[in-house]
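Take a look at the letters that make up each chain.
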Amino acid sequence: MTDTQAMTEQVDSQLGASLERVPAPPGEVAYEVEAAALLHVCRTLRNSPDLKFEMLMDLAGVDYLHYGRDEWQTQTATHSGFSRGRVARDSAPDPAMPGRFGVTYQLLSITHNRRLRLRVKCPDTADPVVDSVIDVWAGANWFEREAFDLFGILFRGHPDLRRILTDYGFIGHPFRKDFPLIGNVEVQYDPGKKRVVYQPVSIVPRVLVPKVIRHDNRYEAALKDVPAAKDSK
């Protein structure tokens, strides 16, 4: 039995009713928890002698609005290589879709030298709220402020939830998938007023990801069985 298998058995035996295993890359372990059980699960993961996830390495907000949709036009899409394309959807994404916002926690057990990823989705998309884990891992303080600032996710019980990266007067949350790439306003220094002023954005929207259909003559049917030329000596 590998160490990963041993860890998953320990997690399942103690928290099997509160967690659901989700797909993860080889060698990694990931679980999803309901928002109502988040604090109970986090405390158990930290305090259980068999688990001992003493450190929160990272916390990040997630917006699933465009999850599973094409990023650019392709004739074919693979799960590896150059293309990250997904199955195309005909309808536009729904900003009010259930489970649009979520939070991921990257945990480390120093005692057992193990890592685990925990994911929770916000029950209400219009008012995305989950419990703060500051009382479990004090290092979550600035991580949660960052997720609030960039995604608009609220953390119930956070002692000082305010913006940490954007300006105090910033409008919106820039990491949301429906936030305009050019922003809502821009700032510049006004010599007459001798201060920085806000004004309507003047940048022209443009596509940042190239939308192309790739053609590679190496895969042409007519050249399929042609042997490669040998180097002359």
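Analysis parameters
Residues numbered from 1 in each chain as written. Predicted model: local features only at pLDDT ≥ 70, side-chain atom pairs only at ≥ 80, totals over all residues. Heavy atoms only, no water. Helix = DSSP H or I, 4+ residues; strand = E, 2+ residues; numbered from the N terminus. Pairing = 2+ DSSP bridges. Axes fitted to C-alpha atoms, helices over the stretch in contact; angles between N-to-C directions. Contact = heavy atoms within 4.5 Å. Patch = residues over 30% accessible without salt bridge, like charges linked within 9 Å, V, L, I, M, F, W, Y side chains within 5 Å. Areas by Shrake-Rupley, 256 points an atom, 1.4 Å probe, with all protein chains shown as cover. Salt bridge = Lys/Arg side-chain N within 4 Å of Asp/Glu carboxyl O. Buried < 20%, exposed > 50% of the residue type's maximum accessible area, 1.4 Å probe, protein only.

Participant: Give a detailed account of unusual backbone geometry, specifying residues and quantitative values.
Facilitator: A positive phi angle is found at N113, which is not glycine, with a value near 55°. One can find N113 in the loop between β4 (101–109) and β5 (114–121). Not every positive phi belongs to a glycine, and K194 is a case in point at roughly 55°. For K194, the location among the structural elements is in the loop between β8 (185–190) and β9 (195–200).

Participant: Lay out the sheet that holds β4 in plain terms, naming residues and giving numbers.
Facilitator: With mixed pairing, five strands are arranged side by side in an open sheet as β1-β2-β5-β4-β3. Among the strands making up the open sheet, the edge pair consists of β1 (19–22) and β3 (55–63). Taking each pair of neighbouring strands and ignoring which way they run, the sheet shows an average axis angle of 25°. Bridge count between β1 and strand β2 (residues 30–33): four bridges; the pairing is antiparallel. By the bridge assignment for β2, R21 is matched with Y31. Each of β1, β2, β4 and β5 touches helix α2 (residues 38–47); the most contacted strand, β5, lies at about 175° to it. Against the sheet, helix α3 (residues 140–151) makes contact with β3 and β4, and its axis sits at roughly 10° relative to β3, the strand it touches most.

Participant: Lay out a nonpolar patch on the surface with the relevant residues and their values.
Facilitator: A contiguous nonpolar patch, built from I171, V185, V187, Y189, V196 and Y198 and spanning about 580 Å² of accessible area, is present on the exposed surface. Broken down by secondary-structure element, the contributors of at least two residues to the nonpolar patch are β8 and β9. The greatest single-element share of the nonpolar patch, amounting to three residues, is contributed by β8. With respect to the element layout, Y198 can be found in strand β9. Residue Y198 is classed as partly exposed on the basis of its relative accessible area, which comes to 44%.

Just distances and angles here, no functional claims.
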